[in-house]
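Each chain, letter by letter, is given below.
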Amino acid sequence: MILRKLISAFGATVMVVIPLSILDQSGVGLFFGMYILPINLIYGIPSSIFTDFLTRRAARLRRLAVAGLLHVFLGALFVLLPTLLFDAGNGNWLTNITNNSFFFITAVVSAFIFWCFDEALKSEWCGDLRRKCLGILKRIGDMRV
């Protein structure tokens, strides 16, 4: 499970950094990637494990929906909570969230992509692909040169 979460964290980071790097070619995307990856590793993985724990007994479709919403909610909470706690003296809370909209959107999109990677890696299709790749690698290893 931890390996799946690590792959999801790296995949979400890459999928967020690529569009940022394409949109701003001055290296800002890689700069944000230096911050997004540790956040995904330190906050995203435990949040995803917590989400899996909460939704472990739900039916398939309901679990997917609830897990997706929880991932997005916890991603949004990562920006909302510090904004509401530390920027409260600078005006109303709506203005502060609007000022941090880039970080809010990045956190929500990253959480959603993390969830997509995690669910894809859990799927039967990915399991079949993994088994086929391992079978091919085994056949290659059995061949003598």
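This report concerns the structure included in the present document.

Helix and strand counts for the protein come out as 6 helices and 0 strands. Scanning the protein from its N terminus toward the C terminus, one meets helices and strands in the order α-α-α-α-α-α. Considering the protein as a whole, with its 145 residues, one finds that 32% of them fall into the buried category. A fraction of 71% describes how many contacts in the protein between residues 6 or more apart in sequence connect residues 24 or more apart.

Moving on, we come to the environment of Ala-65. Topologically, Ala-65 is positioned in helix 3 (residues 60–86). Along the chain, Ala-65 and Thr-55 lie 10 residues apart, while their C-alpha atoms are 9.7 Å from each other.

Once that is clear, we can look at the packing of aromatic side chains. For the structure shown, the criterion picks out 7 aromatic pairs. When the centroid spacing of 4.8 Å and the interplanar angle of 45 degrees are considered together, the rings of Tyr-43 and Phe-78 count as tilted. Of this pair, Tyr-43 sits in helix 2 (residues 28–54) while Phe-78 sits in helix 3, placing them 35 residues apart in sequence. Residue classification places Tyr-43 among the partly exposed positions, given a relative accessible area of 27%.

Now for the side chain of Asn-40. Structurally, the position occupied by Asn-40 is in helix 2. Classification of Asn-40 by relative accessible area gives buried; the value is 7%. In this structure Asn-40 touches Ala-9, Ala-12, Thr-13, Ile-45, Ser-110 and Phe-114, once residues within four positions along its chain are discounted.

Quick look at the pattern of salt bridges now. Here the structure, examined in full by the defined rule, presents 9 salt bridges. Here Glu-119 and Arg-60 are joined by a salt bridge, their closest N and O atoms 4.0 Å apart. Remark: Arg-60 occurs in helix 3 and Glu-119 occurs in helix 5 (residues 101–122); sequence separation between them is 59 residues. Here Arg-63 ties to Glu-119 by a salt bridge, and the two come within 2.6 Å at their closest N and O atoms. Residue Arg-63 is found in helix 3, and its partner Glu-119 is found in helix 5; the two are separated by 56 residues along the sequence. The exposure class assigned to Arg-63 is buried, which follows from its relative accessible area of 10%. Note on Glu-119: relative accessible area 8%, which makes it buried. Via salt bridges that share partners, Arg-4, Lys-5, Asp-52, Arg-60, Arg-63, Asp-118, Glu-119 and Lys-122 belong to a single interconnected network.

Criteria and thresholds
Residues numbered from 1 in each chain as written. Predicted model: local features only at pLDDT ≥ 70, side-chain atom pairs only at ≥ 80, totals over all residues. Heavy atoms only, no water. Helix = DSSP H or I, 4+ residues; strand = E, 2+ residues; numbered from the N terminus. Buried < 20%, exposed > 50% of the residue type's maximum accessible area, 1.4 Å probe, protein only. Contact = heavy atoms within 4.5 Å. Phe/Tyr/Trp six-rings, centres within 6.5 Å; stacked < 30°, edge-to-face > 60°. Salt bridge = Lys/Arg side-chain N within 4 Å of Asp/Glu carboxyl O.

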